[in-house]
Amino acid sequence: MAPQRRGAPKAPEGNRAADRRRPSSTKSVRAPRDVWKKWLRVAVLGACTTFVALLLWGSLGGDDSITEVLAHRSEVLPGRFIEVPCSEDYDSHRRFEGCSPRKCGRGVSDAIITRDEARRIRSIAEKGLSLGGSDGGASILDLHSGALSVGKHFVNLYRYFGDKIQTIFSEEDFQLYRDLRQKVQLAIAQAFGISASLLHLTKPTFFSRINSTAARTAHDEYWHAHVDKVTYGSFDYTSLLYLSDYLDDFGGGRFVFMEEGANKTVEPRAGRVSFFTSGSENLHRVEKVHWGTRYAITIAFTCDPDHGIADPTFT
Ligand SMILES: *[C@@H]1O[C@H](CO)[C@@H](O)[C@H](O)[C@H]1NC(C)=O
Ligand SMILES: *[C@@H]1O[C@H](CO)[C@@H](O)[C@H](O)[C@H]1NC(C)=O
C-alpha cells in the first residue's frame, strides 16, 4: 500500500500537463483527484495480483522438473551411497563374476581425493588444454590416447609434439594420475563389494574443460542425457573427479541423474568424486555451463580384461 500513499499526491504535482489542466477552483479539483486515486488503487491491485500469479506459475507450472540435491557444493561428504536396481544392460555383455554389477547405484565422496591433489591435477589439465581448445564450449584431453581438442577436430598430442611432450608434462604428472586412479578404483570396489583387482581402467579416460561458448560440433554437445554403457560399451563403473567448484568457478554445469519422480543433482566441488554403475539405471546429463570454466576428469573401469588399458604414460 506504500506506493499508493507516496504516489497519489505526488504524481499530479510532478506532472506539468496535469498542472496546466488543473482548474483554479478547489471544489472541482477534488473530483478528478478521487477518480485518479481510484484508478491507481485498481492499477496497484492489478499489478500485485499479476506478480503473485507469476510467482505461483514459476514455482508450480512454469518448470515442472523436480530436483533433489544428492551432494551440495558446500558439503564435505565422507561418502554417500545410494543403491538403485540394476538395469538389464549388463545382460547383453559377457559377465565377469565377482565384478560385473549385481549391485548397482551411485556414490559421492569428498574423502577420496584431497583439494590439494585436485588442484595439482587440474594444473595438468590446464597445461595440456592450453595447447589446444575446441571452438565450441567443450574441450577434452585424453591422456591415454593423446587426443586433444583443437578447433573443430582433435590432434594427437603425443604424435604432434613428439619428444617435446617431456617439456610439457613430467613423470610426476603421470604418477599423480596413477595415484588418483588407484584411489578411485579402491573406493569403487569397496562401495560395490567387489575386488579392486578385478577392475581394469578402460578408455576413454580424459580431462574435460567446459565453458559457456556455444557448441560448434556434435563433440561439444555434452549436455544430452546418455547412458555410459551405451555410449562406451566397455564401461561398467564410471567415475568423475571434479576439479573446480560449482558457483565459485562456474555456473550451470551440475551433474544430473535423470529419474522419474525427481532428478538428482551432484554439484561439482574440487576433489569430489562421483561414481556409478554405467548402465541405464544411471541415465544422466550435465547441465549447460552458463559462465566460468568447469574442469573434470572421467575415469572408467571395465570388468573385461580385454578392454583394459594401461595407465597413461609417455609414449
Ligand atoms: C529431469 O530433467 C529433465 C530435463 O533436464 C526434465 O525434462 C524432466 O522433467 C526432469 N524430471 C523430473 C522428474 O523432474
Ligand atoms: C571457451 O573456450 C574456448 C577455447 O576452447 C575459447 O576460445 C573461448 O573464448 C572460451 N569462451 C569463454 C566465454 O571464455
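Preceding block: the structure.
All values derive from a computational prediction rather than experimental measurement.

> Tell me about the layout of surface pockets, and please be specific about residues and values.
The calculated volume of the largest pocket comes to roughly 790 Å³. Along its surface, the largest pocket is lined by 38 residues, and Phe206, His219, Tyr222, His226 and Tyr232 are the ones closest to its centre. Elements represented by at least two residues in the lining of the largest pocket include exactly strand S5 (138-142), strand S6 (147-151), strand S7 (153-156), strand S8 (200-210), helix H8 (228-231), strand S9 (237-242), strand S14 (284-286) and strand S16 (294-302). Of the residues belonging to the lining of the largest pocket, the class tally is 17 nonpolar, 15 polar and 6 charged.

> Go over the site of ligand 1 with me, naming the residues and quoting the values.
Every residue near ligand 1 is listed here: Ser65, Ile66, Met258, Glu259, Gly261, Ala262, Asn263 and Arg285. With respect to ligand 1, the side chain of Asn263 contributes an N or O atom lying 2.2 Å from an oxygen atom. Look at ligand 1: alone it shows 360 Å² of surface, and the protein chains cover 61% of it. Class assignment of the residues belonging to the shell around ligand 1 gives a composition of 3 nonpolar, 3 polar and 2 charged.

> If you had to explain the pattern of salt bridges to someone new, which residues and values would you point to?
Tallying each qualifying case throughout the model produces 21 salt bridges. Notably, a salt bridge pairs Asp91 with Arg95, separated by 3.8 Å at the nearest N-O pair. Notably, a salt bridge pairs Glu97 with Arg102, separated by 2.8 Å at the nearest N-O pair. You can call Glu97 exposed: its relative accessible area is 54%. Taking relative accessible area as the criterion, Arg102 reaches 58% and is therefore assigned exposed. Overlapping salt bridges, with partners in common, bring together Asp91, Arg95, Glu97 and Arg102 in one network.

> Go over the pairing of S6 with me, naming the residues and quoting the values.
Taking burial as the measure, the 5 residues of S6 include 4 buried ones, the bulk of the element. Taken together, the 2 bridges between strand S4 (residues 133-134) and S6 define a ladder with parallel strand orientation. If you follow Ser134 over to S6, its bridge partner there is Gly151. Pairing of S6 with S7, which is carried by 4 bridges, proceeds in the antiparallel orientation. Note on S7: the bridge partner recorded for Leu148 is Val155. Count of turn residues in the S6/S7 antiparallel hairpin: 1 residue.

The rules we used
Residues numbered from 1 in each chain as written. Chains lettered and ligands numbered in written order. Predicted model: local features only at pLDDT ≥ 70, side-chain atom pairs only at ≥ 80, totals over all residues. Heavy atoms only, no water. 1 Å grid on protein atoms, 1.4 Å probe; cavity = no way out; pocket = protein on both sides within 12 Å on 5 of 7 lines; lining within 4 Å. Points joined across faces, edges and corners; volume = space filled by probe spheres on them. Helix = DSSP H or I, 4+ residues; strand = E, 2+ residues; numbered from the N terminus. Nonpolar A, V, L, I, M, F, W, Y, C, P; charged D, E, K, R; others polar. Near = heavy atom within 4 Å. Polar contact = N/O pair within 3.5 Å; in protein donor to acceptor, adjacent residues only side chain to side chain. Areas by Shrake-Rupley, 256 points an atom, 1.4 Å probe, with all protein chains shown as cover. Salt bridge = Lys/Arg side-chain N within 4 Å of Asp/Glu carboxyl O. Buried < 20%, exposed > 50% of the residue type's maximum accessible area, 1.4 Å probe, protein only. Pairing = 2+ DSSP bridges.

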